[in-house]
Amino acid sequence: MTDPRSDSSSVRPLRSDLAAKWCIVVLISVVLVGPSTCAAKTRHLRWEVDYRYWSPDCVEGAVMSINGQFPGPTIRAVVGDTISVELTNKLATEGVVIHWHGIRQLGTPWADGTASISQCPINPGEIFTYRFKVDKAGTYFYHGHYGMQRSAGLYGSLIVQAGEGEKEPFHYDGEFNLLLSDWWHKSSHEQELGLSSVPFRWIGEPQSLLINGRGQYNCSLAASYRNSTSTAQCQFRGGEQCAPFILPVLPNKTYRLRLASSTALASLNLAIGGHKMVVVEADGNFVQPFAVDDLDIYSGESYSVLITTDQDPRQNYWIAVGVRGRQPNTSQALTVLNYRPNSASKLPASPPPTTPLWNDYNHSKSFSTKILALAGSPRPPATHDRRIFLLNTQSKFSGQTKWSINNISLSLPPTPYLGALKYNLHGAFEARSPPESFPADYDVMHKPANPNTTVGSGIYTLALNTTVDIILQNANTLSANTSEIHPWHLHGHDFWVLGYGEGKFTAEDDDKRLNLKNPPLRNTAVIFPYGWTALRFMADNPGAWAFHCHIEPHLHMGMGVVLAVGADAVGKMKIPSEALTCGLTAKMMAANNGGHS
């Protein structure tokens with residue numbers, strides 16, 4: 001077992017004497033859980049980012065690795081700890097940044113890890129140190145935020161344990177960490193090229209789904225269930241790199257499963273054969289516990305669920321992850337909940353759980369609306385100081401297919417917004433703010449009458465400590481009778497999810513439906529097809545913050561905005577000069593001999 005406060009990955013080999021037909025290396029990511037006894041400390045990590053040949057789904061290709069690992073090392077810390085990551089870019093020809101997803105970066109906006117927003121890309125051969133405090137227990141992860149490097153495999157888990165004297169509102173005997181992702185055999189650079197091409201070339205559905213970086217392309221463990229004498233389906237050519245993770249458990253225990261989705265595209269559904277899951281955490285915030293048979297998880301979301309191993313101890317059970325929200329063309333990811341002392345190679349007696357129909361949105365909405373804040377959680381302010389409507393549309397610009405917000409497709413400037421705010425650099429981005437709403441007569445149920453859009457780099461400027469509502473409004477795409485799911489992620493803040501609705505939001509009808517009593521705090525929320533989602537947050541963290549669709553190609557195509565919070569306070573911050581040595585800030589600092597300001 002592994003100390004839950006260890007900085008390194010908790011995944012390690014358990015045994016290798018499995019039946020040849022499985023070719024499964026059993027690995028364990030369970031840790032014993034006990035009260036924290038150590039004071040806050042600084043955890044120093046040294047990372048090198050490069051490309052490696054790897055076989056995530058048994059087909060070899062190039063992945064982005066950290067210290068030769070894919071996924072990157074798991075960070076484990078305790079509330080109050082400071083994380084210090086000295087990152088060396090060993091890539092030959094491209095920059096890199098790391099975003100610490102879900103960490104609010106209170107007082108350290110320069111460490112958020114968003115290229116052109118909070119910092120300059122770290123150039124090949126350069127070293128940059130991220131230093132920030134983790135202030136809240138929960139399940140988080142990190143990933144690349146430059147180009148489409150998350151699609152290339154640049155991600156890993158970040159787990160924050162409760163601090164000394166803190167107590168979580170549930171008990172468990174051990175925990176597992178499952179990082180879910182999707183995988184393509186086409187490189188992220190080729191995907192980027194297709195998305196920017198005229199005519200447009202879509203990336204297509206992923207070739208496989210990965211659990212902790214491991215999956216099987218063109219090989220189904222379910223097929224082995226249907227024909228246990230067949231070995232042809234599962235010749236895992238990649239060996240240990242793509243061998244499924246097995247979760248070894250003891251009967252009559254309670255386990256915490258930490259789930260996070262770093263998918264580039266896919267919305268997912270997870271189920272465990274014969275076992276209910278009790279949801280207790282969402283995006284680092286405790287929720288009212290509720291039991292489900294299966295769970296939808298969108299890109300950027302994280303959950304903790306509790307399972308009790310109260311089933312027949314003579315059997316093993318499937319864990320199944322399948323695609324939701326898109327016409328699936330990707331096989332389920334499967335692994336096994338292994339009741340010890342059963343052999344890990346013993347097939348479950350029942351077939352894997354069936355993923356709900358991809359377009360059963362009522363199933364999805366039913367799950368989302370059950371997520372409510374735990375009693376005693378912070379409640380939202382009763383009113384808002386400002387309300388911004390963001391209309392998500394698909395559009396065209398100079399022949400390219402784009403995604404736009406209020407008919408503007410985001411284009412990031414060469415000078416990081418944070419540097420421009422710090423030094424009040426006029427001309428670093430568009431001076432005109434983007435629209436705060438869209439035309440009242442816009443028909444969200446049909447294709448846009450005018451599909452043309454503009455490209456811009458303007459920002460929404462928010463006064464410090466004001467209450468802001470954002471109404472995310474979904475609409476029809478450029479194709480008739482089509483509207484897509486979009487999970488939106490806010491940097492630097494959590495928000496309350498006040499509600500979801502159908503069609504176009506109208507204050508007169510929908511304000512009265514908003515939940516101000518016990519809405520959940522999240523950092524990622526989904527907009528369903530042809531619907532709206534209402535969010536409220538306190539703009540209390542000065543900085544330049546991204547707010548965007550967490551689907552990687554959609555962000556690449558312009559589906560995001562930038563929020564500038566407390567610009568005057570940013571001007572007084574001490575920001576490391578190495579975060580801003582590009583664009584106009586580089587010229588300005590060179591003229592003034594640089595240095596910390």
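An unreviewed UniProt entry lists the protein under the name L-ascorbate oxidase, from Eucalyptus grandis. Under the Cofactor (unreviewed entry) heading, UniProt states for the protein: "Cu cation". Recorded in UniProt under Sequence similarities (unreviewed entry), the annotation for the protein is "Belongs to the multicopper oxidase family."

Enquirer: How should I be thinking about helix H1 (residues 188–196) in this particular structure?
Expert: The periodicity of an α-helix, 3.6 residues per turn, causes residues three or four places apart in sequence to face the same way. Considered for burial, the residues of H1 that qualify are Ser 188, Gln 191, Glu 192, Gly 194 and Leu 195. End-on view of H1: buried residues confined to an arc of 165°, all on one side of the axis. On its buried face, H1 sits against strand E24 (400–405) and helix H6 (552–556).

Enquirer: What is the right way to look at the pattern of salt bridges in this model?
Expert: Opposite charge on two side chains permits pairing when their charged atoms draw close. Applying the stated criterion across every chain, the model contains 23 salt bridges. A salt bridge links Asp 135 to Arg 104; the shortest N-O distance between them is 2.2 Å. Highlighted residues: Asp 135 in the loop between strand E9 (127–133) and strand E10 (138–144) and Arg 104 in the loop between strand E8 (98–101) and E9, separated in sequence by 31 residues. The class for Asp 135 is partly exposed, based on a relative accessible area of 30%. The class of Arg 104 is partly exposed, set by a relative accessible area of 22%. Here Glu 175 and Arg 258 are joined by a salt bridge, their closest N and O atoms 3.2 Å apart. Of this pair, Glu 175 sits in strand E12 (residues 174–183) while Arg 258 is found in strand E15 (residues 254–261), placing the two residues 83 residues apart along the sequence. For the pair Glu 175 and Arg 258, a shared accessibility class is recorded, and that class is buried.

Enquirer: Help me understand the state of the cysteines in this model?
Expert: All chains considered together, the criterion is met by two disulfides. There is a disulfide in this structure between Cys 120 and Cys 582, and the S-S distance comes to 2.0 Å. The sign of the -95° torsion about the S-S bond sets the Cys 120-Cys 582 disulfide as left-handed. Residue Cys 120 is located in the loop between E8 and E9, and its partner Cys 582 is located in the loop between helix H7 (567–571) and helix H8 (583–591); the two are separated by 462 residues in the primary sequence.

Enquirer: Help me out: how do you make sense of the packing of aromatic side chains in this one?
Expert: Between two aromatic rings, the relevant description is the distance of the centres plus the angle of the planes. In this structure the tally under the stated criterion is 23 aromatic pairs. Between the aromatic rings of Phe 176 and Tyr 255, the centroid separation amounts to 5.7 Å while the plane-to-plane angle is 40°, which identifies the pairing as tilted. Here Phe 176, found in strand E12, pairs with Tyr 255, found in strand E15; they are 79 residues apart in sequence, far enough to count as distant. A residue is classified by how much of its surface remains accessible, and Tyr 255, at 6% relative accessible area, is buried.

Enquirer: Mind showing me how you'd approach the side chain of His 550 here?
Expert: Summarising the element assignment, His 550 is placed in the loop between strand E34 (543–549) and H6. Using a relative accessible area of 0% as the deciding quantity, one classes His 550 as buried. Those residues in contact with His 550, other than ones at most four positions away along the chain, are His 101, Phe 141, His 143, Arg 150, Thr 263, Ala 264, Ser 299, Gly 300, Pro 487 and His 489.

Enquirer: Mind showing me how you'd approach the sheet that holds strand E27 (residues 460–462) here?
Expert: In a beta sheet, neighbouring strands are held together by backbone hydrogen bonds and run either parallel or antiparallel to one another. Read across the open sheet, the five strands follow the order E27-E35-E34-E29-E32; overall the sheet is mixed. With one partner strand each, in any of the chains shown, E27 and strand E32 (524–527) form the two edges of the open sheet. Recorded for the sheet is a direction-independent mean angle of 25° between the axes of neighbouring strands. In this structure, strand E29 (residues 486–490) lies alongside E32, joined through four bridges in antiparallel fashion. Looking at E32, one finds that His 486 is bridged to Ile 527.

Enquirer: What's the story with the sheet that holds strand E14 (residues 246–249) in this structure? I'm lost.
Expert: If you walk across this open sheet you meet the five strands as E14-E22-E21-E16-E19, and the pairing is mixed. For this open sheet the edge positions go to E14 and strand E19 (294–297), each flanked by a neighbour on one side alone. Sheet twist, expressed as the average angle between the axes of neighbouring strands with direction ignored, equals 20°. Pairing of strand E16 (residues 267–272) with E19, which is carried by four bridges, proceeds in the antiparallel orientation. Following the sheet pairing, Asn 269 is matched in E19 by Asp 296. Most of the contacts of helix H3 (residues 361–369) go to E19, to which it runs at about 90°, and overall it touches E16, E19 and strand E21 (317–324).

Enquirer: What should I look at first to understand the pairing of strand E7 (residues 82–89) in this one?
Expert: In summary, the side chains of a regular strand alternate between the two faces of the sheet. Here E7 lies mainly inside the structure; seven of its eight residues are buried. Two elements, strand E4 (residues 42–54) and E7, share eight bridges in a ladder whose sense is parallel. Residue pairing across strands places Glu 48 opposite Thr 88, the latter belonging to E7. Across seven bridges, E7 lies against E9 in antiparallel orientation. Residue pairing for E9: Leu 87 is matched across the bridge by Phe 128.

Enquirer: What exactly am I supposed to notice about the nonpolar core here?
Expert: In a soluble, globular protein the nonpolar side chains are often hidden away together inside. Grouped together as the largest cluster of nonpolar side chains are 53 residues, with contacts concentrated most on Trp 47, Trp 100 and Tyr 130. Broken down by element, this core gets its largest block of residues, four residues, from helix H4 (residues 417–423). Looking at which domains feed residues into this core, each of domain 1 (42–161) and domain 3 (386–586) gives three or more. If we skip the residues at most four places from it in the chain, Tyr 130 touches Ile 83, Ser 84, Val 85, Leu 87, Val 97, Ile 98, Trp 100, Ala 111, Gly 113, Gln 119 and Ile 122. Ranked by size, the runner-up nonpolar core spans 34 residues in total, among them Leu 180, Leu 257, Val 279 and Phe 367.

Calculation rules
Positions within a chain are numbered from 1, following the residues in the order the chain's sequence is written. In view of the model being predicted, local features appear only for residues whose pLDDT reaches at least 70, and side-chain atom pairs are presented and counted only at 80 or more, with totals across whole chains, interfaces and linings using the full set of residues. Computation of side-chain values covers all heavy atoms of the structure but excludes hydrogens and water. UniProt positions are given in the numbering used here, feature names are shortened, and annotations may be inferred rather than shown by experiment. Each residue gets one of three labels from its accessible area relative to the maximum for its type: buried under 20%, exposed over 50%, partly exposed in between, using a 1.4 Å probe on protein chains only. A run of DSSP states H or I qualifies as a helix once it reaches four residues; a run of E qualifies as a strand once it reaches two. Both are numbered from the N-terminal end. Arc, as used here, means the arc of the directions from the helix axis to the C-beta atoms. By definition in these notes, contact holds between two residues if any of their heavy atoms fall within 4.5 Å. Any Lys or Arg side-chain nitrogen located within 4 Å of an Asp or Glu carboxyl oxygen qualifies as a salt bridge. Disulfides are defined in this document as cysteine sulfur pairs within 2.5 Å. Aromatic pairs are defined between Phe, Tyr and Trp rings, using the six-membered ring for Trp, whenever the two ring centres lie within 6.5 Å; interplanar angles under 30 degrees are classed as stacked, those over 60 as edge-to-face, and all others as tilted. Two strands qualify as a pair provided DSSP detects at least 2 bridges between them. Note on geometry: axes are C-alpha line fits, over the in-contact stretch for helices, and angles between N-to-C directions span 0 to 180 degrees. Here, nonpolar core means buried Ala, Val, Leu, Ile, Met, Phe, Trp, Tyr and Cys residues that are tied together by side-chain atoms lying within 4.5 Å of each other. Note: domain ranges come from an automatic or database domain assignment.

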